[in-house]
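Below are the chains, spelled out letter by letter.
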Amino acid sequence: MGLLLMCAACALFPIMNGFVKLLAATYDPAQIVWFRIAMHLVLVPLVFVPRLGLGLFRTRRIDLQAASSVMMLLSTLCFFFAVKDIPVAEAIAVSFVAPLVVVFLAWPLLGERITPVRLGAVLLGFAGVLVVIRPGSAVFEWASLLLVGSALCYAMYQIIIRRVAGTDHPATSIFYSVLLGTVLMSIVVPFVWKTPANWTDWALLCSLGALGGLGHYCIAQAMTYASANFLAPFNYTQMIGSVIVGYLMFSEVPDLYVWLGSSLIVGAGLMVGLPSRKN
């Protein structure tokens with residue numbers, strides 16, 4: 001069951017990213033981000049309040065929850081602005097570096113030991129990112145730097161969530177992860193608002209929160225059935241979904257460099273997981 005839930009999440013995220021890229025051709029990315037996090041904010045209480053009651057909203061670390069919301073907002077903004085100009089598969093490939101950044105940052109911020117193997121994996125992963133985005137070449141897109149920024153912010157979000165994991169319920173963190181971002185983007189969105197042209201656009205915009213929220217919920221539920229070490233490698237199946245979505249929706253075909261760089265990043269991620277099984 002855990003494996004099925006993880007694979008379901010990895011199917012939902014590429015579809016959501018495909019919808020974002022499709023909508024970005026017509027709507028400002030800031031408006032798309034607002035729909036993504038606002039719908040998420042509405043859905044979390046609907047799902048968890050019947051089970052947790054008002055306990056969903058109780059947190060002992062409001063400061064860290066606010067920081068996590070800012071990091072989630074910055075990560076989402078960077079990714080949505082970038083995916084407008086970057087192929088879906090390339091965007092996902094670069095985002096895979098986030099777990100490697102977590103490994104590196106957990107050393108100074110959480111005091112978690114980093115072994116030579118894991119340090120080598122982090123360097124290998126960043127080498128893979130350079131292969132994918134190819135800075136200095138004719139095919140380099142400046143938007144690729146936004147993808148790197150998105151991965152860095154998401155890594156910081158994960159670090160903060162680890163800090164509050166022992167004090168707040170996971171559902172509480174999921175709720176607060178989009179609360180401050182929704183408030184801030186609600187101030188910005190009137191300046192870029194464009195009324196959706198038809199019911200299809202309304203449906204696509206509103207579906208972003210459902211797809212993202214359901215994807216994160218599937219991952220959380222998967223962890224209750226299987227260990228993180230077992231499930232982590234299956235996260236990379238998002239690459240397959242991203243290639244399919246990119247081809248079907250935008251006729252995008254990843255080139256050799258994207259496959260090579262993705263292989264390095266995925267290999268680095270697997271290297272990070274292997275030592276943890278031995279310790």
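Residues numbered from 1 in each chain as written. Predicted model: local features only at pLDDT ≥ 70, side-chain atom pairs only at ≥ 80, totals over all residues. Heavy atoms only, no water.

**Points about the environment of Arg60**
Stage number 1. Within the secondary structure, Arg60 sits in the loop between helix H2 (29-52) and helix H3 (62-83).
Stage number 2. Its relative accessible area of 67% is what places Arg60 among the exposed residues.
Stage number 3. In this structure, the C-alpha to C-alpha distance between Arg60 and Ala268, residues 208 residues apart in sequence, is 35 Å.
Stage number 4. What Arg60 contacts, discounting residues up to four positions off in sequence, is Thr167 and Asp168.
Stage number 5. One polar contact links the side chain of Arg60 to the main-chain carbonyl oxygen of Thr167, over a distance of 3.1 Å. (Helix = DSSP H or I, 4+ residues; strand = E, 2+ residues; numbered from the N terminus. Buried < 20%, exposed > 50% of the residue type's maximum accessible area, 1.4 Å probe, protein only. Contact = heavy atoms within 4.5 Å. Polar contact = N/O pair within 3.5 Å; in protein donor to acceptor, adjacent residues only side chain to side chain.)

**Brief notes about unusual backbone geometry**
Stage number 1. Non-glycine residue Ser251 carries a positive phi angle of around 60 degrees.
Stage number 2. With respect to the helices and strands, the residue Ser251 is situated in the loop between helix H11 (238-250) and helix H12 (256-278).
Stage number 3. Taking the relative accessible area as the measure of exposure, Ser251 reaches 60% and is therefore exposed.

**Description of the packing of H2 against H3**
Stage number 1. The N-to-C vectors of H2 and H3 enclose an angle of 130 degrees; their axes lie 9 Å apart at closest approach. The angle between H2 and H3 places the two elements in the oblique class. Both H2 and H3 take part in a crossing whose hand is right-handed. Two secondary-structure elements touch here, H2 through Pro29, Ala30, Ile32, Val33, Arg36 and Ile37 and H3 through Leu73, Thr76, Leu77, Phe80 and Phe81.
Stage number 2. Tallied by class, the residues present in the contact of H2 with H3 amount to 9 nonpolar, 1 polar and 1 charged. (Axes fitted to C-alpha atoms, helices over the stretch in contact; angles between N-to-C directions. Parallel < 35°, antiparallel > 145°, perpendicular 65-115°, else oblique. Left-handed = near helix turned anticlockwise from the far one by under 90°. Nonpolar A, V, L, I, M, F, W, Y, C, P; charged D, E, K, R; others polar.)

**Side note on helix H5 (residues 98-110)**
Stage number 1. Of all the bends in H5, the greatest reaches close to 30 degrees and is centred on Phe104; the proline Pro108 follows between one and four positions later.
Stage number 2. Of all the positions in H5, only Ala98, Leu100, Val101, Val102, Val103, Leu105 and Ala106 are classed as buried.
Stage number 3. Count one or two residues on from H5 and you reach Gly111, which has phi positive near 75 degrees. (Bend = angle between axes of the 7 residues up to and from the residue.)

**Overview of the pattern of salt bridges**
Stage number 1. Following the criterion strictly, the structure yields 3 salt bridges and no others.
Stage number 2. Among the salt bridges present, the one from Asp63 reaches Arg61, with a minimum N-O distance of 3.1 Å.
Stage number 3. You can call Asp63 partly exposed: its relative accessible area is 45%.
Stage number 4. Given the relative accessible area of 29%, Arg61 is considered partly exposed.
Stage number 5. Across the pair Asp255 and Arg134 runs a salt bridge whose closest N-O atoms are separated by 2.9 Å. Of this pair, Asp255 sits in the loop between H11 and H12 while Arg134 sits in the loop between helix H6 (116-133) and helix H7 (143-164); the two residues are 121 residues apart in sequence, bridging distant segments of the chain. (Salt bridge = Lys/Arg side-chain N within 4 Å of Asp/Glu carboxyl O.)

**Quick look at the packing of aromatic side chains**
Each aromatic ring pair is described using two quantities: the centre-to-centre distance and the angle formed by the ring planes.
Stage number 1. Scanning the entire structure with this criterion turns up 9 aromatic pairs.
Stage number 2. Ring geometry for Phe35 and Trp202: centres 6.0 Å apart, planes at 75 degrees, overall edge-to-face. You can see Phe35 sitting in helix H2 and its partner Trp202 sitting in helix H9 (residues 199-225), a full 167 residues away along the chain.
Stage number 3. Given the relative accessible area of 29%, Trp202 is considered partly exposed.
Stage number 4. Centroid distance Trp193 to Trp202: 6.4 Å. Interplanar angle 50 degrees. Geometry classified as tilted.
Stage number 5. These aromatic residues form a ring-pair network of at least three members: Trp34, Phe35, Trp193 and Trp202.
Stage number 6. Sitting above the plane of the Phe250 ring, Lys21 keeps its charged end 5.6 Å from the centroid. (Phe/Tyr/Trp six-rings, centres within 6.5 Å; stacked < 30°, edge-to-face > 60°. Lys NZ or Arg CZ within 6 Å of the ring centre and 35° of its normal.)

**Observations concerning the nonpolar core**
Stage number 1. Of all hydrophobic cores here, the largest spans 76 residues; its most connected members are Ile32 and Met185.
Stage number 2. In terms of nonpolar packing, the next biggest core, distinct from the first, is built from 7 residues, Leu64, Met71, Met72 and Val164 among them. (Core = buried A, V, L, I, M, F, W, Y, C linked by side-chain atoms within 4.5 Å.)

**A look at a nonpolar patch on the surface**
Stage number 1. A contiguous nonpolar surface patch, about 720 Å² in accessible area, is contributed by Leu22, Ile240, Ile244, Tyr247, Leu248, Met249 and Val253.
Stage number 2. Broken down by element, the residue count for the nonpolar patch peaks at 5 residues, all from H11.
Stage number 3. As for its placement among the helices and strands, Met249 is situated in helix H11.
Stage number 4. Here Met249 falls in the partly exposed class, since its relative accessible area comes to 32%. (Patch = residues over 30% accessible without salt bridge, like charges linked within 9 Å, V, L, I, M, F, W, Y side chains within 5 Å. Areas by Shrake-Rupley, 256 points an atom, 1.4 Å probe, with all protein chains shown as cover.)

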